[in-house]
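# Summary of the model geometry
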Amino acid sequence: MALQHEAARQRAQGPHTLSGILADLLRRADGVWHHAFAAQPLPPQWLVLGSCALALVVVASARVWPRARTVVTIVHEAGHAVVALATGQRRVRVRLYRDTAGETVSAGRAGGLRVALTAAAGYPAPPLAGLGAAALLATGHVTGMLLLGLALLAGLAIAVRNPYGMLAVLATAAAVAAVCLYGSVVVQAGFGYAMTWFLLFGGVRPVLELRRERRRDRGLRSDADQLARLTPMPGGVWIMVFGIIAVAALAVSARWLIR
């Protein structure tokens, strides 16, 4: 009899517990949305510099970088996808792979300005995304920056067409959402600054890797080589352009973030 009463009590509490969780989630989401357009106080300098050092260690690490690079690949392929859609390409499809490689394909003409712009958008995407995030952080819009990143990840998920790619995008989106919903002000700021620095530093290293691979004749299918076939500029010049954009974005962002 006692067991029956306990089971009945648990069944009665179940909906209330679920409703309580949903109510708490809605309350937190409302709070996040309330802060999305509001400027927040800038974090202490130790947090800015600490997140910068952490991101630099991750990008420079031979062990951690091969795993963390997937986030940079997500932004890289998102750059291709956004420009492809903006230039009128159809049926844009994105795939991400375990070796941190990725590809974006679309329906349209095999050559021309549209394809060249799409091919040129990949490597600049991470540093430019970091630059945009730095602009928001410098004006105190941490929550807005995180929500914008979440919206872009949700949009990219629609175009992803392989299981690993979908898992990588959803896992990244879940991490950002968890920080937005459950992270304190300090946690949100630390996460936002760390991700911004990571995109900025992570935008430089792939360009250096591409330059090294082309010297070893292993980058013949790279964006730079595709652009060399589509434009009068050789692949080496395109790598230089990618590098200038990445370094300039890092320099400008550092000036904004380090006060």
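Each remark here, short or long, concerns the structure printed above.
To start, this report covers the structure provided alongside it. (Residues numbered from 1 in each chain as written. Predicted model: local features only at pLDDT ≥ 70, side-chain atom pairs only at ≥ 80, totals over all residues. Heavy atoms only, no water.)

The subject of this paragraph is unusual backbone geometry. Apart from glycine, the bulk of residues carry a negative phi angle, and the bulk of peptide bonds sit in the trans form. The phi dihedral of Arg 91 falls on the positive side, at around 50°, and the residue is not glycine. Looking at the secondary structure, you find Arg 91 in strand β1 (residues 90-96). Although it is not a glycine, Thr 100 sits at a positive phi angle of roughly 70°. Position of Thr 100 relative to the elements: it lies in the loop between β1 and β2 (102-107). (Helix = DSSP H or I, 4+ residues; strand = E, 2+ residues; numbered from the N terminus.)

So, on to the packing of helix α4 (residues 113-120) against helix α9 (residues 223-230). α9 packs onto α4 with a crossing angle of 160° between their chain directions and a minimal axis gap of 9 Å. Taken as axis vectors, α4 and α9 run roughly antiparallel relative to one another. Considering only the axes of α4 and α9, their crossing is left-handed. Where α4 abuts α9, its residues Val 115, Ala 116, Ala 119 and Ala 120 lie against Asp 223, Gln 226, Leu 227 and Leu 230. Tallied by class, residues from the contact of α4 with α9 come to six nonpolar, one polar and one charged. (Axes fitted to C-alpha atoms, helices over the stretch in contact; angles between N-to-C directions. Parallel < 35°, antiparallel > 145°, perpendicular 65-115°, else oblique. Left-handed = near helix turned anticlockwise from the far one by under 90°. Contact = heavy atoms within 4.5 Å. Nonpolar A, V, L, I, M, F, W, Y, C, P; charged D, E, K, R; others polar.)

Here we take up the pairing of β1. Two faces make up the sheet, and in a regular strand the side chains alternate between them. With five bridges connecting them, β1 and β2 associate as antiparallel partners. Paired with Val 94 across the strands is Thr 104, a residue of β2. Here β1 folds back onto β2, and the loop between the two strands holds five residues, one of which, Thr 100, carries a positive phi near 70°. (Pairing = 2+ DSSP bridges.)

To continue, consider the nonpolar core. Membership of the largest hydrophobic core comes to 43 residues, with the highest contact counts inside it found for Val 169, Trp 197 and Phe 198. Residues within four places of Val 169 in sequence aside, it is in contact with Ile 74, Leu 96, Leu 153, Leu 156, Ala 157 and Val 160. By size, the runner-up hydrophobic cluster in this structure holds eleven residues, among which are Ala 119, Ala 120, Leu 210 and Ala 224. (Core = buried A, V, L, I, M, F, W, Y, C linked by side-chain atoms within 4.5 Å. Buried < 20%, exposed > 50% of the residue type's maximum accessible area, 1.4 Å probe, protein only.)

At a minimum axis distance of 8 Å, the contact between α9 and helix α10 (residues 235-257) shows a crossing angle of 125°. In terms of axis orientation, α9 runs oblique to α10. Viewed along their axes, α9 and α10 form a crossing whose handedness is right-handed. For the pair α9 and α10, contact is made by Ala 224, Leu 227 and Ala 228 and by Gly 235, Trp 238, Ile 239 and Phe 242, respectively. Considered class by class, the residues forming the contact of α9 with α10 number six nonpolar, one polar and no charged.

Turning next to the pattern of salt bridges. Across all of its chains, the model carries two salt bridges by this definition. The partner of Arg 69 in a salt bridge is Glu 209, with the nearest N and O atoms 3.2 Å apart. With Arg 69 in helix α3 (residues 65-86) and Glu 209 in helix α8 (residues 185-215), this pair connects stretches of sequence that are 140 residues apart. Looking at Arg 69, the relative accessible area reads 17%, which means it is buried. What makes Glu 209 buried here is its relative accessible area of 12%. Across the pair Glu 209 and Arg 205 runs a salt bridge whose closest N-O atoms are separated by 3.0 Å. Highlighted residues: Glu 209 and Arg 205, both in helix α8, separated by four residues, approximately one helical turn. Because the salt bridges share partners, they merge into one network encompassing Arg 69, Arg 205 and Glu 209. (Salt bridge = Lys/Arg side-chain N within 4 Å of Asp/Glu carboxyl O.)

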